[in-house]
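# Secondary and tertiary structure notes
Okay, here's what each chain looks like letter by letter:
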Amino acid sequence: MSPLWLLRRIAGLLFALVAASAIVFVLMDLLPGDPAEIMLGTNARPDTLAALRAEMGLDRPALIRYADWALGLLRGDFGRSLTYSVPVAELVQERLAVTLPLAMMAIALTLFIALPLGAFAASRRKSLTDSTIIAVTQLGVAIPNFWFAMMLVLVFAISWRLLPSGGFPGWSAGPSAILALILPAIALALPQAAILTRVMRSSLLETLGEDYVRTARAKGLTRAEALRRHAFRNALIPVLTILGLQFSFLIAGTVVIENVFSLPGLGRLIFQAINQRDLVVVRSVVMLLIASIIVINFCVDLAYALVDPRLRGRS
Amino acid sequence: MIRLLTKACLALVLVTASVAMAPLSAAPRTDLNVGMRLEPPHLDPTAGAAAAIGEIVYANLFEGLTRMAADGAIKPGLAESWTVSPDGKVYTFTLRKGVTFHDGTPFDAAVAKFALDRARASDSVNPQKGLFEPIEAVEVIDPATLKVTLKRPTGAFLFNLAWPAAVMVAPQSAADNKTKPIGTGPFKLDRWAKGSQVDLVRHPNYWGAKPALNKISFKIIGDPTAAYAAMMAGDVDAYPIFPANENIPQFQADKRFTVKIGNTEGKTIVAINNARTPFDDIRVRRALAHGIDRKAVIDGATMGLGKPIGSHYAPQDAGYVDLTGQYPYDPEKAKALLKEAGVSNLKVKLILPPPDYARRSGEIIAAQLKKIGVEAELVPVEWAQWLSDVFRGKNYDLTIISHVEPMDLDIYARDDYYFNYANADYKALYAELAATSDPEKRKALIEKAQRKLTDDSVNVFMFLLPKTGVWNAKLEGLWENAPLPVNDFTAVRWRD
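Residues numbered from 1 in each chain as written. Chains lettered and ligands numbered in written order. Predicted model: local features only at pLDDT ≥ 70, side-chain atom pairs only at ≥ 80, totals over all residues. Heavy atoms only, no water.

## Notes on the interface of chain A and chain B
- The interface is formed by 54 residues belonging to chain A together with 57 residues belonging to chain B.
- Here chain A meets chain B over a buried area of about 4,500 Å², counting both sides, of which 58% is carbon and sulfur.
- Of all residues in chain A, Thr42, Asn43 and Tyr84 of chain A bury the most surface against chain B, accounting for 14% of the area lost on that side.
- Applying the counting criterion to the chain A and chain B interface returns 4 salt bridges.
- With its nearest N and O atoms 3.6 Å apart, the salt bridge here joins glutamate 55 of chain A to lysine 178 of chain B.
- Summed over the shared surface of chain A and chain B, the number is 17 residue pairs in polar contact (both at pLDDT 80 or more).
- Sorting the residues of the side of chain A that touches chain B by element identifies helix H2 (35–40), helix H3 (46–56), helix H5 (88–123), helix H7 (145–159), helix H8 (175–208), helix H10 (223–260) and helix H11 (266–275) of chain A as the ones contributing at least two each.
- Per-element accounting of the side of chain A that touches chain B gives the leading share, 7 residues, to H5 of chain A. (Contact = heavy atoms within 4.5 Å. Buried area = accessible area lost by both parts, 1.4 Å probe. Salt bridge = Lys/Arg side-chain N within 4 Å of Asp/Glu carboxyl O. Polar contact = N/O pair within 3.5 Å; in protein donor to acceptor, adjacent residues only side chain to side chain. Helix = DSSP H or I, 4+ residues; strand = E, 2+ residues; numbered from the N terminus.)

## Re the pattern of salt bridges
Residues and elements named next belong to chain B.
- Counted by the stated rule, this structure contains 40 salt bridges over all chains.
- Between aspartate 44 and arginine 118 there is a salt bridge, with the nearest N and O atoms lying 3.7 Å from each other. Taken together, the positions of aspartate 44 in the loop between strand E1 (31–36) and helix H2 (51–57) and arginine 118 in helix H3 (residues 109–120) put the pair 74 residues apart, joining distant regions of the chain.
- Taking relative accessible area as the criterion, aspartate 44 reaches 2% and is therefore assigned buried. (Buried < 20%, exposed > 50% of the residue type's maximum accessible area, 1.4 Å probe, protein only.)

## So, the nonpolar core
- Residues Leu65, Phe93, Phe107 and Val148 of chain B are the most contacted members of the largest nonpolar core, which totals 99 residues.
- Taken domain by domain, the makeup of this core includes at least three residues from each of domain 1 (42–176) and domain 2 (181–262 + 467–494) of chain B.
- Filtering out sequence-adjacent residues up to four positions away, leucine 65 of chain B remains in contact with Pro76, Gly77, Leu78, Ala79, Leu95, Phe107, Ala112, Leu116, Leu146, Leu161 and Met168 of chain B.
- Of all hydrophobic cores here, the second largest spans 66 residues; its members include Val98, Leu179, Val199 and Val239 of chain A. (Core = buried A, V, L, I, M, F, W, Y, C linked by side-chain atoms within 4.5 Å. Domains from an automatic or database assignment.)

## Digging into the confidence of the model for chain B
Residues and elements named next belong to chain B.
- On average, residues of chain B score 93 in pLDDT, and 95% of them are at 70 or above.
- Here residues 9–23 is modelled with pLDDT under 50, and outside its nearest four sequence neighbours on either side it reaches 7 contacts, counting other chains as well.
- Interface confidence for the predicted complex, given as ipTM, is 0.79, next to a pTM of 0.86. (pLDDT = per-residue confidence, 0-100.)

## As for the environment of asparagine 177 of chain B
Residue and element names in this part refer to chain B.
- Tracing the sequence through the fold places asparagine 177 in the loop between helix H4 (157–160) and strand E8 (187–193).
- Judged by its relative accessible area of 0%, asparagine 177 falls in the buried class.
- Linking asparagine 177 and glycine 342, residues 165 residues apart in sequence, is a C-alpha distance of 57 Å.
- Apart from residues no more than four positions distant in its own chain, asparagine 177 is found in contact with Leu43, Asp44, Phe62, Val169 and Ile182.

## Here we look at the packing of aromatic side chains
- Within this structure, the stated rule accounts for 30 aromatic pairs over all chains.
- Relative to phenylalanine 242 of chain B, the ring of tyrosine 239 of chain B has its centre 5.2 Å away and its plane inclined at 80 degrees; by these criteria the two rings are edge-to-face. Phenylalanine 242 of chain B carries the same exposure label as tyrosine 239 of chain B, and that label is buried.
- Between tyrosine 418 of chain B and phenylalanine 419 of chain B the ring centres are 4.6 Å apart and the planes differ by 45 degrees, which places this aromatic pair in the tilted class.
- Residue class for phenylalanine 419 of chain B comes out buried when judged on its relative accessible area of 1%.
- A connected cluster of aromatic rings, assembled from ring pairs, spans Trp383, Trp386, Phe391, Tyr396, Tyr412, Tyr417, Tyr418, Phe419, Tyr421 and Tyr426 of chain B.
- In this structure, arginine 283 of chain A is placed above the aromatic ring of tryptophan 69 of chain A, and the distance from its NZ or CZ to the ring centre is 5.3 Å.
- Lying across the ring of tyrosine 84 of chain A, lysine 194 of chain B places its NZ or CZ 6.0 Å from the centre. (Phe/Tyr/Trp six-rings, centres within 6.5 Å; stacked < 30°, edge-to-face > 60°. Lys NZ or Arg CZ within 6 Å of the ring centre and 35° of its normal.)

## Looking at the sheet that holds strand E5 (residues 90–95) of chain B
Residue and element names in this part refer to chain B.
- Here 4 strands make up an open sheet; going across it, the order is E4-E5-E7-E6 and the pairing antiparallel. Each edge of the open sheet carries a strand with a single partner, namely strand E4 (79–84) and strand E6 (135–142). Direction aside, the axes of adjacent strands within the sheet are offset by 20 degrees on average.
- Sheet analysis places E6 next to strand E7 (residues 145–150), joined by 6 bridges and oriented antiparallel. Among the inter-strand pairings, aspartate 142 is bridged to a residue of E7, identified as threonine 145. (Pairing = 2+ DSSP bridges. Axes fitted to C-alpha atoms, helices over the stretch in contact; angles between N-to-C directions.)

## Overview of helix H7 (residues 282–291) of chain B
All names here are of chain B.
- For H7, a buried count of 7 out of 10 residues is recorded, marking the element as mostly surrounded by other parts of the structure.
- Looking at the packing, one finds that the buried side of H7 touches strand E12 (257–272), helix H9 (331–340), helix H10 (356–371), strand E16 (398–403) and strand E17 (460–472).
- Its side-chain oxygen 2.8 Å from the backbone nitrogen of arginine 283, aspartate 281 forms the N-cap of H7.

## Focus: the pairing of E12 of chain B
Residue and element names in this part refer to chain B.
- Most of E12 sits out of view: 13 of its 16 residues are buried.
- With 11 bridges connecting them, E12 and E17 associate as antiparallel partners. The partner of valine 259 across the bridge, within E17, is valine 470.
- Bridge count for E12 against E16 is 6 bridges, and the pairing is antiparallel. Residue pairing in the sheet places valine 270 in a bridge with isoleucine 400 of E16.

## A look at the packing of H5 of chain A against helix H6 (residues 128–142) of chain A
Residues and elements named next belong to chain A.
- Where H5 meets H6, the closest approach of the two axes is 8 Å, and the angle between their N-to-C directions is 140 degrees. Judged by the inter-axis angle, H5 sits oblique to H6. Seen from above, H5 lies across H6 with left-handed handedness. Residues Leu117, Phe120 and Ala121 of H5 lie in contact with H6, whose contacting residues are Thr129, Asp130 and Ile133.
- Along the lines of polarity and charge, the residues of the contact of H5 with H6 split into 4 nonpolar, 1 polar and 1 charged. (Parallel < 35°, antiparallel > 145°, perpendicular 65-115°, else oblique. Left-handed = near helix turned anticlockwise from the far one by under 90°. Nonpolar A, V, L, I, M, F, W, Y, C, P; charged D, E, K, R; others polar.)

## A few points about unusual backbone geometry
- Omega for the bond connecting threonine 277 of chain B with proline 278 of chain B falls within 30 degrees of zero, at 0 degrees, which places this linkage in the cis form.
- Following the sequence through the fold, proline 278 of chain B ends up in the loop between E12 and H7.
- Positive phi is not limited to glycine here, since arginine 161 of chain A has a value of about 55 degrees.
- For arginine 161 of chain A, a relative accessible area of 42% gives the class partly exposed.
- One non-glycine residue, arginine 277 of chain A, lies in positive phi territory at about 55 degrees.
- For arginine 277 of chain A, the location among the structural elements is in the loop between H11 and helix H12 (279–307).

Following this line, the structure appears as structure tokens:
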């Protein structure tokens, strides 16, 4: 890996970050609506609005506000929420403590259901079991997750009273915090699991038709053994690709599910912040998400280059 | 994952067991879980207009010199009594003794002077700064006596002091009240899990009567379906205002719940840009009033729970006069008025802010206006946009909005208000009302003001937003009406 190549890549990364921050800032500034007006409502007098704008620092020129914000980001200072008046970093940290475990639980549940079920269906191709699984997953793909979430609440929270209907007591509450995440995780996971089951099944069927599987069968392995020892691992590659895509869907899905279950997660934070024109929160959180994607892509590029020398010369 | 599941199962068993054992405890509960539609941005009512702030802290955490009772009457608060000079310009308050803030700071006349001066200062960010505008000077006579001199007699001054924006705050803690509110009330802040809930606990050194509750948790659940589920599952004990009117019949049919349909001060109107052609013609505005079927709108948009209003005044307030019959629904008359005004093929934009009442009313009204030959294009907007475009920018034809400030006849006398009404007669009438303290004379003037607004058909006055209270049938002491957007829980208790 030549230093020049690496330098170019890093320059590209920095440019992307600066460009993204500028776009985010300008877009948020163009959005109609004034945070001071929202805070003070319809009875506010013009002098009061001006006083609050000054307090929020909104009376300064846009370029200075941008520089302030961007330099703050470099120092790891995300600014202070206009509405909550607490540091954004603190808010994000609190919210991630809900959204991350929720997403992890949902992913784990998705894998836990989809991999065995997909393999099971593939191993019994064209049987009644296979068609049933296909029909059920078809249904799972079609059902919107918010509707499914409501049904879960109706059964488990209202009729049986086994689990809370929504809200989050905080991790300090111990087991009841995990209980509060069970229904949301199921609501997020099942539609995803339905998709993944189908991918798993078709991918396995495809690998089962490959030459090396036939060779394995010719050596005397049973169909199930060939599947387990040779086909399964190879079939996982498209599954992982889909799973990667699903992770971003999951983040979008949490916005909806967090609202249905009134969970204080990152999705709801952005949603609320946009409504209240808490520009500092929105742009800092959006920037955080963009930066993490840009940096991950950068790492992937590096990894490709390490694995495949042919890519190093290109930029 | 397996370990997690095991943990979850274990927790499930524990919870089921504890639920099964709950009926064994005999003493009435002392905690209360309250459902809220919106989360407050912060907890300082002297620095933000959001109704959710007052709905949590008013009377519970912060107190003012006077206080609003459930029936809308003004009662002594931190001022135990007062005298008013004969010219109506000097108020002398006798303050309660032995009152301390939650951090131990004593409350006295110097603190009261600080709070009032802070609210009316030039750098004040008080959302209701106008309430304090009549104040000329605030003086400390002795620690228990406060003298307030006004620029002119102000009939509503004691009422103004009862607003959430007029609560007493201390110099040391005022700046941090947004996140660490320090008041004099019977409850203090325990914790605020942002995005989730606000917990208040009893303040042991409260100066007044000890409340029955030990703890109040305000849970922020805005989604109507989630709110319904939370009530049904018992996660929430009370919704002072339930977010979805369509669920009300289900609660009414269920013996576990008390349902009280009360009044708010939310006067819902179709606001008209009086300066824009053709709405500058009174015949066009009257045509709109005749062309909108108030009853159909109330049935469709509020499930029949809203009360009709004929002017910009709530039926429960002093001096109300019923003017709902002045412009009966009459599409033919509306068409005739439009024709007389020379208006045909009128196309307008009807701007709708996010609340359900506005969006739903908008659909119905657009259909009704079509029958009188007015094409209304519905334009849904966010709050932020409504405030900047419609309210500040005055760039609109028609919009649907609920004005929630109590007895706000003053807004029609403002020069720069978004109705663009600017009527000299009304301004003179309102100035006379503002300077009058005698209750009977005030009533007569209030009635005159209502008639003037209806005669001029400034806006189409539709209905009062209902206060759809739903709570556990074992609870008592919750307010049926909302004379201010507040929830005074000091008298709430669980029956055995």
